[in-house]
Amino acid sequence: SQELEQSPQSLIVQEGKNLTINCTSSKTLYGLYWYKQKYGEGLIFLMMLQKGGEEKSHEKITAKLDEKKQQSSLHITASQPSHAGIYLCGADGGSGNTGKLIFGQGTTLQVKP
Amino acid sequence: DAMVIQNPRYQVTQFGKPVTLSCSQTLNHNVMYWYQQKSSQAPKLLFHYYDKDFNNEADTPDNFQSRRPNTSFCFLDIRSPGLGDAAMYLCATSRETDRAGAQYFGPGTRLLVL
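Just so you know, these numbers come straight off a predicted model, no measurement behind them.

Asks: What should I look at first to understand unusual backbone geometry in this one?
Replies: The bulk of non-glycine residues show a negative phi, and the bulk of peptide bonds are trans. A cis geometry characterises the amide bond from A:Ser7 onward to A:Pro8, with omega recorded as -10°. For the bond running from B:Asn7 to B:Pro8, omega is -10°, close enough to zero to count as cis. Tracing the sequence through the fold places B:Pro8 in the loop between strand S1 (4-7) and strand S2 (10-13). A positive phi is found at B:Asn28, a non-glycine position, where the angle reads about 60°. Looking at the element boundaries, B:Asn28 is found in the loop between strand S3 (19-25) and strand S4 (31-37).

Asks: How do you make sense of the packing of aromatic side chains when you look at a structure like this?
Replies: Here the distance between the centres and the angle between the planes together describe a pair of aromatic rings. Summed over the entire model, instances satisfying the criterion amount to 12 aromatic pairs over all chains. Pairing B:Tyr49 with B:Phe54 gives two aromatic rings, centres 5.1 Å apart and planes at 55°, and the pair type is tilted. When the centroid spacing of 6.1 Å and the interplanar angle of 40° are considered together, the rings of B:Phe64 and B:Tyr89 count as tilted. Separated by 25 residues along the polypeptide, B:Phe64 in strand S7 (residues 64-67) and B:Tyr89 in strand S9 (residues 87-94) bring together distant segments of the chain. Every member of this aromatic cluster is reached through a ring pair, and the members are A:Tyr35, A:Phe45, A:Phe103, B:Tyr33, B:Tyr35, B:Tyr104 and B:Phe105. A cation over an aromatic ring shows up here: B:Arg110 above the ring of A:Tyr39, its NZ or CZ 5.8 Å from the ring centre.

Asks: How should the sheet that holds strand S6 (residues 55-58) of chain A be read in this particular structure?
Replies: Each strand in a sheet pairs with its neighbour through backbone hydrogen bonds, running either in the same direction (parallel) or in the opposite one (antiparallel). Residues and elements named next belong to chain A. Strand order in the open sheet formed by 5 strands is S1-S3-S8-S7-S6, with antiparallel pairing between adjacent strands. Only two strands of the sheet have a single partner each, and these edge strands are strand S1 (4-7) and S6. The average undirected angle you get between the axes of adjacent strands in this sheet is 15°. Bridge analysis of S1 against strand S3 (residues 19-25) gives 4 bridges, and the strand direction is antiparallel. From the neighbouring strand, Ser 7 faces S3, where its bridge partner is Asn 22.

Conventions we followed
Residues numbered from 1 in each chain as written. Chains lettered and ligands numbered in written order. Predicted model: local features only at pLDDT ≥ 70, side-chain atom pairs only at ≥ 80, totals over all residues. Heavy atoms only, no water. Helix = DSSP H or I, 4+ residues; strand = E, 2+ residues; numbered from the N terminus. Phe/Tyr/Trp six-rings, centres within 6.5 Å; stacked < 30°, edge-to-face > 60°. Lys NZ or Arg CZ within 6 Å of the ring centre and 35° of its normal. Pairing = 2+ DSSP bridges. Axes fitted to C-alpha atoms, helices over the stretch in contact; angles between N-to-C directions.

So this is what it looks like as structure tokens:
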């Protein structure tokens, strides 16, 4: 079965600093999703990547899917306290179009003012 | 705004007392999912409905059931909650099950079992 590993598990950065979170899959990724979760709340959809080499940006967050489609990175530029939370990568965990998402264990981000 | 709504946000129940969690959506999506998320863990899929077709995950305990009376609503029934069922329960929807679109999550219901 497919597994997603995120690194680092937690991150503390000073406001204004850049940071990167990685998500590595044990199998080829056919769709990679990034979500953000604040403690005790639901998941907020950030971005979806499907093609090798694809890169998407929203405000100060950029996500990439590498050419071999087994790793994705999420990069935050000039971090702000509002970026704090848990970032989860998710991928299709089924053998086909099952809709089943499996998730990495999450990366907890703290941004110090 | 179109959204996924879960009620209640917090639910306290007693050991063995049946409980029902509710999810509704205004996105008119075909698929509705229920995930269980325990503390500091990733969400884990329990089951999903594609329209009226129910799809159970192999490792979902029989204690968990679901109903989808119409497109907008989906319910999670826990027949005899145990202490180990205390968790956040997340409802999500997607237009289809293929890889073309994302799943959109509700705010979750936190269940406490006494």
